[in-house]
Amino acid sequence: MKRKKDKVKASAVEIRHYRWAFKMFIVSICLSSLFSLLSHSVLSSLGAIMACAMIALFIFLSVVFDMIGIAVTSADEDFFKRAVEKGEPGSEVALRLKKNSEKVCSFCADVVGDICGILSGAGGACVILSISQNISQPSVVIIISTLVSSLIAGLTILFKALMKGRAIKNADRLILRLGKILDKIFFYKRKKSEKTVDKK
């Protein structure tokens, strides 16, 4: 009986895992398509300086979400349980993030990372077009295109590599801080309404 129950539980977990992966597949396609269209329509009208600023923003977001993805998988669940017992703000949200670390990591590192990659690539294309407008030689345009694309990829990899160590080392504090931010943004109004109900 126990073996049958264990098999049923394992199959249920596996089904949920595949269902989540399929959801992320659909979400990533939809969001990637949407942001790809928006990037080509909006970024194409920007100049080289604004496009560079947008690229820097997308690289920053990609690095931040990659840090969250790494930190949530590296964090210690017991740390958040102790924080919940102490009543530390944001600890409940942080514990929830840790318990769903696989999903959080997948969304942050894969979905958001891919979208930021698309947007920074579109920004790079705008920079290339802006620079190469007055250049007639195709070989020079190819060199510029290669340099811009390589620089974007190199900067993204560099900052991700630099921040990975910090994300692993300070995983608990980083996720707790994220929990506090999310708690204030999404759960503050609900808690306020619960307090008013209790007073009545």
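Residues numbered from 1 in each chain as written. Predicted model: local features only at pLDDT ≥ 70, side-chain atom pairs only at ≥ 80, totals over all residues. Heavy atoms only, no water.

1. Thoughts on the pattern of salt bridges
For step 1, the next point in the chain: The final tally for this structure, using the stated rule, is two salt bridges.
For step 2, the next point in the chain: In this structure, the salt-bridge partner of Glu-88 is Arg-173, at a minimum N-O distance of 3.9 Å. Of the two residues, Glu-88 is situated in the loop between α3 (77-86) and α4 (91-99) and Arg-173 in helix α7 (residues 171-186); the sequence distance between them amounts to 85 residues.
For step 3, the next point in the chain: Judged by relative accessible area, which is 49%, Arg-173 ranks as partly exposed. (Salt bridge = Lys/Arg side-chain N within 4 Å of Asp/Glu carboxyl O. Helix = DSSP H or I, 4+ residues; strand = E, 2+ residues; numbered from the N terminus. Buried < 20%, exposed > 50% of the residue type's maximum accessible area, 1.4 Å probe, protein only.)

2. A short note on a nonpolar patch on the surface
For step 1, the next point in the chain: On the surface, Leu-151, Leu-155, Leu-158, Phe-159 and Leu-162 cluster together into a nonpolar patch covering about 440 Å² of accessible area.
For step 2, the next point in the chain: Tracing the backbone through its elements, the reader meets Phe-159 in helix α6 (residues 138-169). (Patch = residues over 30% accessible without salt bridge, like charges linked within 9 Å, V, L, I, M, F, W, Y side chains within 5 Å. Areas by Shrake-Rupley, 256 points an atom, 1.4 Å probe, with all protein chains shown as cover.)

3. A few points about the packing of aromatic side chains
For step 1, the next point in the chain: Under the criterion given, the structure shown has one aromatic pair.
For step 2, the next point in the chain: An angle of 80 degrees between the planes, with centres 5.4 Å apart, marks the rings of Phe-79 and Phe-80 as edge-to-face. A single burial state applies to Phe-79 and to Phe-80, both of which are buried. (Phe/Tyr/Trp six-rings, centres within 6.5 Å; stacked < 30°, edge-to-face > 60°.)

4. What to know about the packing of helix α2 (residues 48-74) against α7
For step 1, the next point in the chain: Running from amino to carboxyl end, α2 crosses α7 at an angle of 115 degrees, the nearest separation of the two axes being 8 Å. Looking at the two axes, α2 sits roughly perpendicular to α7. Handedness of the crossing formed by α2 with α7: left-handed. Taking contact as the criterion, the partners of Met-67, Ile-68, Ala-71, Val-72 and Ser-74 in α2 are, on α7, Ala-171, Leu-174, Ile-175 and Leu-178.
For step 2, the next point in the chain: Classifying every residue of the contact of α2 with α7 by side-chain character gives eight nonpolar, one polar and no charged. (Axes fitted to C-alpha atoms, helices over the stretch in contact; angles between N-to-C directions. Parallel < 35°, antiparallel > 145°, perpendicular 65-115°, else oblique. Left-handed = near helix turned anticlockwise from the far one by under 90°. Contact = heavy atoms within 4.5 Å. Nonpolar A, V, L, I, M, F, W, Y, C, P; charged D, E, K, R; others polar.)

5. Points about α4
For step 1, the next point in the chain: Considered for burial, the residues of α4 that qualify are Ser-91, Val-93, Ala-94, Leu-95, Leu-97 and Lys-98.
For step 2, the next point in the chain: On its buried side, α4 packs onto α2, α3, α5 (101-131) and α7.

6. What about the nonpolar core?
For step 1, the next point in the chain: In this structure, Ile-68, Ala-71, Phe-80, Leu-97, Val-104, Leu-174 and Ile-175 are the most contacted members of the largest nonpolar core, which totals 20 residues.
For step 2, the next point in the chain: For Ala-71, the contacting residues outside a window of four places in its chain are Ala-167, Ala-171, Leu-174 and Ile-175.
For step 3, the next point in the chain: Of all hydrophobic cores here, the second largest spans 10 residues; its members include Ala-51, Cys-126, Val-127 and Ile-152. (Core = buried A, V, L, I, M, F, W, Y, C linked by side-chain atoms within 4.5 Å.)

7. Description of a positive patch on the surface
For step 1, the next point in the chain: A surface patch of like charges, here positive, comprises Arg-16, Arg-19, Lys-23 and Lys-103.
For step 2, the next point in the chain: Among the elements that line the positive patch, the one with the most residues is helix α1 (residues 2-42), at three residues.
For step 3, the next point in the chain: Position of Lys-103 among the secondary structure elements: in helix α5.
For step 4, the next point in the chain: Look at Lys-103 and you get partly exposed, because its relative accessible area is 36%. (Lys, Arg positive; Asp, Glu negative; His and termini not counted. Charge placed at Lys NZ, Arg CZ, Asp CG, Glu CD.)

8. Points about α6
For step 1, the next point in the chain: In this model, α6 (32 residues) spans 47 Å end to end at C-alpha, consistent with the 46 Å of a helix rising 1.5 Å per residue.
For step 2, the next point in the chain: By the largest-angle criterion, Met-163 marks the main kink of α6, which is about 30 degrees.
For step 3, the next point in the chain: Along α6, the residues classified as buried are Ile-144, Val-148, Ile-152, Thr-156, Lys-160 and Ala-167.
For step 4, the next point in the chain: Packing partners of the buried residues in α6 comprise α2, α5 and α7. (Expected span 1.5 Å × (residues − 1). Bend = angle between axes of the 7 residues up to and from the residue.)

9. Examining the environment of Met-54
For step 1, the next point in the chain: Note that Met-54 resides in helix α2.
For step 2, the next point in the chain: Judged by its relative accessible area of 25%, Met-54 is partly exposed.
For step 3, the next point in the chain: Measuring from C-alpha to C-alpha, the distance between Met-54 and Ser-120 comes to 7.4 Å, with 66 residues separating the pair along the chain.

Keep in mind these values describe shape, not function.
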